[in-house]
Amino acid sequence: MECHSHTTYKVGDIKGAVSVSIPMEPLWDKTEKNFFAIILPFIIVLILGYISIHFLEKRFITKLKKSRRDEKKVFEQDEKYKLVLDATNAGVWDWEIENKKATYDERWADICGYTLDELQPTSVETWNNMCHPEDLIALDSELEKLFAKEMEYYVFEIRMKHKSGKWIWVQIRGKVIEWSKDDSKAIRMVGITIDINDKKLAEAKIIENAHKYRILAEQKGQLVYEYNETNNTSIRTGELLEILQPKCQNSNLDDWVNQIHPEDRDSFVEQLNEAKSIGRDYKFEYRIQDHLGNYICIEDQVKFIKGDTFSKLFGLIKNITEQKLASEKLSESEKKYRLLAENSIDLVWETDIELNIKYASPEVTTITGYSLNEIINVNGKILFPPDKVFEIEKMLTEAIAFGREHKGLSFESVYLKKDGSQIPVEISGKIIWDEKNNPIGVNGRTKDISERKTIEQALKESESRFRTTFDQAYDPIFIAEVIENQVPQIIDINEAVTTVLGHSREYTIGKPMKYFHQKEIKEKILK
């Protein structure tokens, strides 16, 4: 660079050039001869590189797909887990056993009436402090069995202290998910807590009602039982049990069925199976053998109760033998009543309390002109003139208000026949009452009194003619009633007697016959 300092050259000026020539032909000849030896390794490396890249790509893609499938599976399991928790409304807990650390979710705290923040910091003591002391002892016993691997998981029901101060029932389900390396010691446990307080209260109410039911049955000579479908057994108690066959006291249902009357047995089994299959209540009557070998009639009323893990039948049995005998006698009496009614010359009838006709004897056609088909279920008021209907309703209301002691209705009226004509009738009836003293109908009889009314009218006309003749007679006339071993007494006199004696009719009637034997009276009469 020294020369540049003595010249006017500047850095970058080109003032000349140097050319070098190298002969390549010998080198090219040598390279051409070794071409394949040089290029072959490159080709092999290229092929091996492609294969390696393809293998790594395939492995990566496979691993990526598996990872995505695992992620999807975890997501699905997580969703199922959430659905289960939502469905059961359960609270979740996680317990690290060795360091006594425990965590709970918001729902767990909510079951006991708290927010999770109110319980912080949480530990296993949080649980112990809220658990009922009696249940905590039993729970510890169950945990020992779980830690000893006597069971895979545990389910337990305990009481926990609610924020309000009351005890509530919860169900705990838990499982050990981590053990020590030698598999001898439980390290971690997880589980759920479910609120079952409403269920427990309902079960307690059922037990209370069953107890009251049992007491009632024992006091009234009845029988109560509880049938367990799981083991086909029954628990029976009550005074009625004492008069049945000894085998009826056994818990096995078959022993009870075998004492039922053969004609009723199949029906009993059929209805019991139906009650169990569709879960319905039922009531039916059947005959069963007593301790003397006789059959008594009983009424079996059953209430079906189904829970999450059980189904039971609660029943009440009553001895209705006396009622049955009374019913049979009543039925027989009813037959006799119908027989008499149908052969009576009077119309026998029965209505409901609104006077709708429910029964009428065949005589209804003769008296009213209506056939049985025309009159049944028709209101009986159509048989009376409008002015009589009000009177009848008034009498019926008064009879109902009087009560069971009322002697019955009895009156005369007229019926409107189908052809529009009227017929005089005599009606008598009595209110029908049920066992609760409610009026439910009227039973009665209607008599055609046309002939009697005709005779009464003729007698009335005859009496009128007699009275006219009697009162207008010129001679004194008196009528006396002669009673055995008694002095005859005057019961009537005509106007001529009052004129002769000067005494009024009222004064004279009732006097003995010897009244006319007095001298003064004789002279007046003779004069």
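This one's a predicted model, so the numbers in the text were calculated from it and none came from an experiment.

Caption draft 1: How the structure looks around the sheet that holds strand 4 (residues 167-179). Here 5 strands make up an open sheet; going across it, the order is 2-1-5-4-3 and the pairing antiparallel. If you trace the sheet from one side to the other, it starts and ends with strand 2 (101-104) and strand 3 (153-161), each paired once. Taken pair by pair, the neighbouring strands of this sheet meet at an average axis angle of 25 degrees, ignoring direction. Taken together, the 6 bridges between strand 1 (residues 91-96) and strand 5 (residues 186-195) define a ladder with antiparallel strand orientation. Across the sheet, the residue bridging to Trp93 is Gly191, located in strand 5. The strands that helix 7 (residues 133-147) touches are strand 1, strand 3, strand 4 and strand 5; relative to strand 3, the one it contacts most, it runs at about 165 degrees.

Caption draft 2: Expanded view of the nonpolar core. Within the largest apolar cluster, 29 residues are counted, with the highest numbers of intra-cluster contacts made by Trp93, Trp127, Tyr154 and Met189. Non-local contacts of Trp127, meaning those with residues more than four positions away in its chain, are made with Trp93, Tyr104, Trp108, Leu139, Ile158, Met160, Ile172 and Thr193.

Caption draft 3: Spatial organisation of the pattern of salt bridges. Summed over the entire model, instances satisfying the criterion amount to 26 salt bridges. Residues Lys381 and Glu393 are paired through a salt bridge, measuring 2.6 Å at the closest nitrogen-oxygen approach. Separated by 12 residues along the polypeptide, Lys381 in the loop between helix 13 (372-375) and helix 14 (386-402) and Glu393 in helix 14 bring together distant segments of the chain. Ionic pairing is found between Glu412 and Lys453, a salt bridge with its closest N-O pair at 2.9 Å. Taken together, the residues Glu412 in strand 13 (residues 409-416) and Lys453 in helix 15 (residues 450-472) connect sequence positions 41 residues apart. Judged by its relative accessible area of 30%, Lys453 is partly exposed. A single salt-bridge network, built from bridges that share partners, covers Asp346, Glu412, Glu426, Arg445, Lys447, Arg452, Lys453 and Glu456.

Caption draft 4: Up close: the side chain of Asp135. Looking at the element boundaries, Asp135 is found in helix 7. For Asp135, a relative accessible area of 10% translates into the label buried. One polar contact links the side chain of Asp135 to the main-chain amide nitrogen of Arg159, over a distance of 2.7 Å. Here Asp135 is in contact with Phe156, Ile158 and Arg159, once residues within four sequence places are set aside.

Caption draft 5: Spatial organisation of the sheet that holds strand 14 (residues 422-433). Spatial strand order, 12-11-15-14-13: 5 strands in an open sheet with antiparallel pairing. Where the open sheet ends on each side, the last strands, each with one partner, are strand 12 (357-360) and strand 13. The sheet shows a mean angle of 30 degrees between the axes of neighbouring strands, direction not considered. Inspection of the sheet shows strand 14 paired to strand 15 (residues 439-448) by 9 bridges, in the antiparallel sense. The residue of strand 15 that forms the bridge with Ile427 is Thr446. Here helix 15 sits on the sheet in contact with strand 13, strand 14 and strand 15, set at roughly 125 degrees to strand 14.

Parameters and conventions
- Residues numbered from 1 in each chain as written.
- Predicted model: local features only at pLDDT ≥ 70, side-chain atom pairs only at ≥ 80, totals over all residues.
- Heavy atoms only, no water.
- Pairing = 2+ DSSP bridges.
- Helix = DSSP H or I, 4+ residues; strand = E, 2+ residues; numbered from the N terminus.
- Axes fitted to C-alpha atoms, helices over the stretch in contact; angles between N-to-C directions.
- Contact = heavy atoms within 4.5 Å.
- Core = buried A, V, L, I, M, F, W, Y, C linked by side-chain atoms within 4.5 Å.
- Buried < 20%, exposed > 50% of the residue type's maximum accessible area, 1.4 Å probe, protein only.
- Salt bridge = Lys/Arg side-chain N within 4 Å of Asp/Glu carboxyl O.
- Polar contact = N/O pair within 3.5 Å; in protein donor to acceptor, adjacent residues only side chain to side chain.

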